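Fold and geometry: a report
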Amino acid sequence: MPSSSPQITSLYRHLLRELPIRPSPPTSTHSSYRTAHQKLSSPSPLQKRIRSQLSTPHANEKSQTQQAQQFVKYVQAQRMYATLIERYNPGMGMSEEERVRLSARRVGMNLPVEFGK
């Protein structure tokens with residue numbers, strides 16, 4: 001994005017921060033996480049699309065910038081929502097049996113082992 005304004009560059013960086021990181025295939029010399037440099041050097045198709053949209057000049061640049069800012073706020077809110085759901089509803093991903101067992105443990109009881117198990 002060589003000819004972009006600082007506002008568009010900042011907006012692009014905000015978008016990159018909010019995008020989930022694609023898992024890279026683990027190699028023997030590197031760990032399985034991606035660094036920020038790897039995220040920029042091998043962009044996903046979505047990152048390429050965002051980069052191309054923000055780098056090409058448009059007639060309605062102001063409205064497009066506002067729309068991108070609104071998208072950044074939306075993605076931040078979705079990330080926060082997912083974090084809050086995980087924090088305050090820890091049993092959402094559990095089976096009913098596991099949830100009952102943990103509820104019993106919370107009040108100091110152990111469930112009996114079922115016959116035939």
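Keep in mind that this is a model prediction, so the values were computed, not measured.

Looking at the confidence of the model for the chain
When pLDDT is averaged across the chain, the result is 77; 76% of the residues are at 70 or more. Highest mean pLDDT in the chain belongs to helix α4 (residues 61-88) (88); lowest belongs to helix α2 (residues 36-41) (60).

Focus on α4
Helix length check: α4 (28 residues) gives 40 Å between terminal C-alpha atoms against 40 Å at 1.5 Å per residue, within 8%. The complete set of buried residues in α4 reads Thr65, Ala68, Val72 and Val75. On the buried face of α4, the contacting elements are α1 (6-18).

Points about the side chain of glutamate 18
Inspection of the secondary structure assignment puts glutamate 18 in helix α1. Owing to a relative accessible area of 14%, glutamate 18 belongs among the buried residues under this scheme. With residues near it in sequence (within four places) discarded, glutamate 18 still touches Val75, Gln76 and Arg79.

Scoring rules and cut-offs
- Residues numbered from 1 in each chain as written.
- Predicted model: local features only at pLDDT ≥ 70, side-chain atom pairs only at ≥ 80, totals over all residues.
- Heavy atoms only, no water.
- pLDDT = per-residue confidence, 0-100.
- Helix = DSSP H or I, 4+ residues; strand = E, 2+ residues; numbered from the N terminus.
- Expected span 1.5 Å × (residues − 1).
- Buried < 20%, exposed > 50% of the residue type's maximum accessible area, 1.4 Å probe, protein only.
- Contact = heavy atoms within 4.5 Å.

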